[in-house]
Amino acid sequence: MNANNGVNYNRKHKDTLFRKLFGENKENALSLYNAVNGTDYTNVNDLVFTTLGDVVYMKMKNDISFLFDKYLSLYEHQSTLNDNMPLRGFLYFGDLYRQLIPESERLYGTRMIELPAPKYIVFYNGIKKLEGGRKELHLSDAFRPLGVSEGFEWTATVIDINYGSNVDIVTKCPVLADYAHFIAKIRELSQTMGDSGQAIDEAVEYCIQHDILREFLETHRREVKNMCLTEFNEERYGQIMREEGWEDGWEDGKIHGIIDTCDELGLSADDTASLISKKLGVSLEDAQQIYDRYKNKSKN
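As the structure is a prediction and not an experimental result, all values here were calculated from the model.

On to the overall build of the chain, then. Helix and strand content of the chain: eleven helices and six strands. Within the span of the chain, comprising 300 residues, buried residues form 45% of the whole. Look at the contacts in the chain between residues 6 or more apart in sequence, and 62% of them connect residues 24 or more apart. Looking at the chain as shown, the accessible area adds up to about 16,600 Å², and 47% of this sits on carbon and sulfur atoms.

Following this line, the structure appears as structure tokens:
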């Protein structure tokens, strides 16, 4: 089964540790499925990965899709809560179903085409606490008029997998428990060291010594560091945007005035980013990302 034909992809994606752990190993994926659904399946050969290629609307490859137990499951990993998760999952499932329908089937025929039922789960491990450890996001919240779904609904179920949250689910999947422990250790060390790279190195050593993802970390040490650095940079950037209110109110944010003033003075993009870095106390790399995002929003 090929779930990639005929779909536009973005090849400049960034892999995540979560997808590396669960999207390439059937045993881990099945263990995660059992933990979420309260089942005890062991027939890993019945699980078929259907994860699409680098779909254009997915910024980072943090998704895992597979067929199992007559269901089509899509698992996403996110460190930020996003009200567009239901829409993203809805579009993704549309592409998945398009690939799963045999060419011999007539879409406009009278015979019903049977489809595996969808299961869409978002595993959340961001810094912001998820009240109750679980949340349902509904596509109908985006419909206008507001609250009118006309009988249609699409839901993203968000589950908090931070270390200590949803213990009944996390502990049932040992790899998920180890993953949560590893991420928590990185965050703990980052606060004391102030250097993400060093914190990741120390967390890897700690986990290897304490038999937490030991074999995986020993085999993929360099790759793990690169993936974690990318994810933590994305997470930090998103946190900065939210704290300053830029994501919800560009017109009133500090960044609006800084960039407009620099434009009036004829400063280059590099000089503007440097000033943003100094004024807001962020790294030059983060400042450049903020500048680029502002400019992209202005164009739209």
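Now that the structure has been shown, we can carry on.
Okay, the sheet that holds strand 2 (residues 63-68) next. If you walk across this open sheet you meet the six strands as 1-2-3-4-6-5, and the pairing is mixed. Each end of this open sheet is capped by a strand with a single partner; those strands are strand 1 (48-49) and strand 5 (134-138). Contacts from helix 2 (residues 26-37) reach strand 1, strand 2, strand 3 (71-78), strand 4 (117-124) and strand 6 (155-160) within the one sheet, and its direction differs from that of strand 3 by about 95 degrees.

This part covers the pairing of strand 2. A large share of strand 2 lies buried, amounting to six of its six residues. Going residue by residue along strand 2, you find Asp-63, Ser-65 and Leu-67 tucked away on one face and Ile-64, Phe-66 and Phe-68 tucked away on the opposite face as well. Where strand 1 meets strand 2, two bridges bridge the pair, whose relative direction is antiparallel. Opposite Val-48, over in strand 2, you have Leu-67 as the bridge partner. As judged from the six bridges shared by strand 2 and strand 3, these two strands associate in the antiparallel manner. Its bridge partner lying in strand 3, Ile-64 is registered against Tyr-75. Connecting strand 2 to the next strand, strand 3, in antiparallel fashion are two residues, including Asp-69 with a positive phi near 55 degrees.

Scoring rules and cut-offs
- Residues numbered from 1 in each chain as written.
- Predicted model: local features only at pLDDT ≥ 70, side-chain atom pairs only at ≥ 80, totals over all residues.
- Heavy atoms only, no water.
- Helix = DSSP H or I, 4+ residues; strand = E, 2+ residues; numbered from the N terminus.
- Buried < 20%, exposed > 50% of the residue type's maximum accessible area, 1.4 Å probe, protein only.
- Contact = heavy atoms within 4.5 Å.
- Areas by Shrake-Rupley, 256 points an atom, 1.4 Å probe, with all protein chains shown as cover.
- Pairing = 2+ DSSP bridges.
- Axes fitted to C-alpha atoms, helices over the stretch in contact; angles between N-to-C directions.

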